[in-house]
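Listed below, chain by chain, are the residues.
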Amino acid sequence: MTPDEQWLAAMWPFVRSQLPAAPARVIEIGCGPLGGFVPMLAAAGYQATGVDPEAPAGPEYRQAEFEQSGLPGQAAAIVACTSLHHVADLREVLDLVRGTLLPGGRVVVVEWARERFDEATARWCFSRLAPPEDGHSFLHGQQEQWRESGQQWDAWCRSWAEAEGLHPGEDILRELVARFGPGTLSYGPYFFPELAGTSEADEQAAIDRGEIRANRIQYAGRRPS
Ligand SMILES: C[S@@+](CC[C@H](N)C(=O)[O-])C[C@H]1O[C@@H](n2cnc3c(N)ncnc32)[C@H](O)[C@@H]1O
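Here is a short report on the structure shown in this document.

A word on the overall build of the chain. Check the secondary structure of the chain and you find 8 helices and 7 strands. Taking 225 residues into account, the globule formula puts the C-alpha radius of gyration at 17 Å, and the chain, at 18 Å, falls close to it. For the chain, buried positions account for 36% of its 225 residues. Of the contacts made within the chain by residues no fewer than 6 positions apart, 69% connect residues no fewer than 24 positions apart.

Below is the structure:
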């Protein structure tokens, strides 16, 4: 399994547990080039559509930004896995999510709390990276750019994220809760698929010992009826 496949497989049980019973219409925002959860959703009996400019070709996908996709009709659930921190206008996207959901419809989100990516967490991750010749990951790039910057970690990471236009997890959560209620919320391991010989349980154990911070947000809420 590639790291991206490992990530999707690890997130699927949470996503699946928050969905209404099949059959139902489910939209995934930012499914990515692998198609995200769309194949799993279809296999579970859902009418699934993945929306992403980088989506694969095929009738289950729209190769467009969600805001521009003009998807007709309403959905029983909308899933977004590490895509909301990339959107240009978070409020516009979440207003559109609310307008696209049926009354009582579910929103299921996995996100990155990038404001929790502190120096201790970064160093813990960097010390577990596979040799770069085995594949150049997001974390390899972070480590290289930080070293080249000569800056303190917190200052470098914040300026990097702002230059990339990435929304902090706390902003995403605040906007979700404002529209879809407190719902269910938890934090967990985020980096394990990119780390050599490190499982989700290993990362959770380091979080529990207070060595690193939990960077994964899991949230599920509902459109008020
Ligand atoms: C980090 S990838 C996540 C891919 C996949 N969901 C996963 O968890 O592995 C973020 C994806 O969000 C997509 N994306 C960013 N803005 C988007 C938007 N406005 N509408 C739809 N997809 C978007 C990007 O093209 C990218 O494929």
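Turning to the site of the ligand, a few remarks are in order. Not every one of the 20 residues close to the ligand is listed here, only the nearest: Gly30, Gly32, Glu65, Cys81 and Ser83. Split into classes, the residues belonging to the shell around the ligand amount to 9 nonpolar, 6 polar and 5 charged.

Turning our eyes to something else, we now look at unusual backbone geometry. Note that the residue after Ala22, namely Pro23, is joined by a cis bond; omega there is 0°. In this structure, Pro23 sits in the loop between α1 (3–17) and β1 (25–29). Positioned with a positive phi, Thr82 is a non-glycine residue whose angle comes to about 50°. Mapping Thr82 onto the fold places it in the loop between β4 (75–81) and α3 (90–100).

As a further point, take the environment of Glu200. The residue Glu200 is located in helix α8 (residues 200–208) in this model. Expressed as a C-alpha distance, the spacing of Glu200 and Pro59, which sit 141 residues apart in the sequence, is 34 Å. In contact with Glu200, not counting residues within four places along its chain, are Ala10, Pro189 and Phe192.

The next thing to look at is the packing of α3 against helix α7 (residues 169–180). Packing of α3 against α7 brings their axes to within 10 Å, and their N-to-C directions diverge by 30°. α7 is crossed by α3, and the crossing has right-handed handedness. Across the interface between the two elements, Leu90, Arg91, Leu94 and Arg98 of α3 pack against Asp171, Ile172, Glu175, Leu176 and Arg179 of α7. Here the contact of α3 with α7 is built from residues that sort into 4 nonpolar, no polar and 5 charged.

Moving on, we come to the sheet that holds strand β6 (residues 184–188). Pairing is mixed across the open sheet formed by 7 strands, whose spatial order is β3-β2-β1-β4-β5-β7-β6. Where the open sheet ends on each side, the last strands, each with one partner, are β3 (61–62) and β6. Pairing of β1 with strand β2 (residues 47–51) involves 5 bridges; the strand directions are parallel. Across the sheet, the residue bridging to Arg25 is Gln47, located in β2.

Procedures and definitions
Residues numbered from 1 in each chain as written. Predicted model: local features only at pLDDT ≥ 70, side-chain atom pairs only at ≥ 80, totals over all residues. Helix = DSSP H or I, 4+ residues; strand = E, 2+ residues; numbered from the N terminus. Rg over C-alpha atoms; globule rule 2.2 N^0.38 Å. Buried ≥ 20, exposed ≤ 12 C-beta atoms within 10 Å, placed from the backbone. Contact = placed C-beta atoms within 7 Å. Near = placed C-beta within 6 Å. Nonpolar A, V, L, I, M, F, W, Y, C, P; charged D, E, K, R; others polar. Axes fitted to C-alpha atoms, helices over the stretch in contact; angles between N-to-C directions. Left-handed = near helix turned anticlockwise from the far one by under 90°. Pairing = 2+ DSSP bridges.

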